[in-house]
Amino acid sequence: MTMSEASVNTTRVSSLTFPEPNMVLREGSLRALWTHSLIQAKRLLMRWMRDPSTMIQALLYPALMLVMFRVVLGNSISAATGSPAIYGQVPMIALVGAMFGSIVSAVGLKGERKSGLLSRFWTTPTHRAAGLLGRMIAEAVRVFVTTIVITCAGVAMGFRFTQGVPAGILLILVPVVFGIGFAVMVTFLATVAGDAPLVEVVSIFATLLMFFNAGFVPVLAYPPWLQPVVAAQPMSVAVDAMRNLAMGGPVLTPVLHTLAWSLGMAAVFLIPAIRGYKKASATG
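Novice: Hey, could you go over the packing of helix α2 (residues 30-50) against helix α6 (residues 130-156) for me, with residue numbers and the actual values?
Specialist: The geometry of α2 relative to α6 is characterised by a closest axis approach of 7 Å and an angle of 50° between their N-to-C directions. When the axes of α2 and α6 are compared, the pair comes out oblique. Classified by chirality, the crossing of α6 by α2 is right-handed. Contacts between α2 and α6 involve L33, W34, H36, S37, L38, Q40, A41, R43, L44, L45 and W48 from the former and A130, G131, L133, G134, R135, I137, A138, E139, V141 and R142 from the latter. Taken together, the residues of the contact of α2 with α6 sort by class into 12 nonpolar, 5 polar and 4 charged.

Structure, rendered in structure tokens:
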């Protein structure tokens with residue numbers, strides 16, 4: 001190699017040299033956790049936006065389900081109860097959208113584990129908790145957007161906020177809180193399931209909750225032996241909270257019950273989810 005060729009190669013190498021980092025974060029710092037979690041959340045949101053099946057499951061399917069319930073059951077339930085059925089159907093579909101969207105996300109998490117993507121993230125100098133926290137942030141944004149879409153569809157069908165702006169804001173936040181608790185649970189299942197269809201089995205459980213709650217039909221319409229179970233299940237208390245925030249009624253008790261269910265799911269499954277996510281990332 002001549003001197004001129006060596007100098008040319010040296011120039012090429014120097015032109016490809018990366019610049020010095022202008023923001024160095026300690027891997028275990030809180031600032032790194034927040035910054036890296038936002039990056040992970042943005043990655044997931046962009047992936048979901050580009051995936052037609054996820055968008056259909058998160059937005060189109062719940063909106064169409066609301067229209068179906070309104071057309072098929074709306075008038076008959078309203079006539080039987082004397083209360084507009086839309087005030088139970090909008091909360092119910094918002095919660096269903098939160099649950100089924102989390103299930104689709106958990107299936108995607110299993111795919112990331114099998115493809116080795118989680119393992120590749122684990123080898124980068126990022127905060128170890130950023131992957132899980134970023135996923136929860138993305139879930140909260142997804143549930144919020146889904147709830148807004150479903151609520152707008154409900155407004156077009158007669159749903160109204162009669163208790164003022166603060167109650168309306170709280171109504172929108174109820175599915176977000178509920179969805180985070182549910183997402184922690186299915187994330188844990190996704191990280192430990194392996195080839196077992198645990199996440200898919202949860203969809204059956206979610207379907208049962210959808211047909212046996214206070215938003216589908218009033219609790220008194222169920223058999224007497226089933227009424228206490230229907231009234232106390234997590235979707236029913238969340239539906240009652242959202243219904244009363246929209247049209248008036250007791251709010252404190254159903255909101256506290258919703259928080260108890262949501263925080264209870266998060267408390268029970270958070271540590272197992274952290275351990276499962278760590279194991280899934282470290283071992284692939």
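Novice: Mind laying out the pattern of salt bridges, listing which residues take part and the relevant values?
Specialist: What the rule picks out here adds up to 5 salt bridges. Notably, a salt bridge pairs E112 with R43, separated by 3.1 Å at the nearest N-O pair. Residue E112 is found in helix α4 (residues 86-115), and its partner R43 is found in helix α2; the two are separated by 69 residues along the sequence. When its relative accessible area of 2% is taken as the criterion, E112 is described as buried. Of the charged contacts in the structure, one is a salt bridge between R47 and E112, with a shortest N-O distance of 2.4 Å. Separated by 65 residues along the polypeptide, R47 in helix α2 and E112 in helix α4 bring together distant segments of the chain. Given the relative accessible area of 38%, R47 is considered partly exposed. When salt bridges with common partners are traced through the structure, they connect R43, R47, E112 and R135 into a single cluster.

Rules used throughout
Residues numbered from 1 in each chain as written. Predicted model: local features only at pLDDT ≥ 70, side-chain atom pairs only at ≥ 80, totals over all residues. Heavy atoms only, no water. Axes fitted to C-alpha atoms, helices over the stretch in contact; angles between N-to-C directions. Helix = DSSP H or I, 4+ residues; strand = E, 2+ residues; numbered from the N terminus. Parallel < 35°, antiparallel > 145°, perpendicular 65-115°, else oblique. Left-handed = near helix turned anticlockwise from the far one by under 90°. Contact = heavy atoms within 4.5 Å. Nonpolar A, V, L, I, M, F, W, Y, C, P; charged D, E, K, R; others polar. Salt bridge = Lys/Arg side-chain N within 4 Å of Asp/Glu carboxyl O. Buried < 20%, exposed > 50% of the residue type's maximum accessible area, 1.4 Å probe, protein only.

Any functional reading would require information that these geometric values do not contain.
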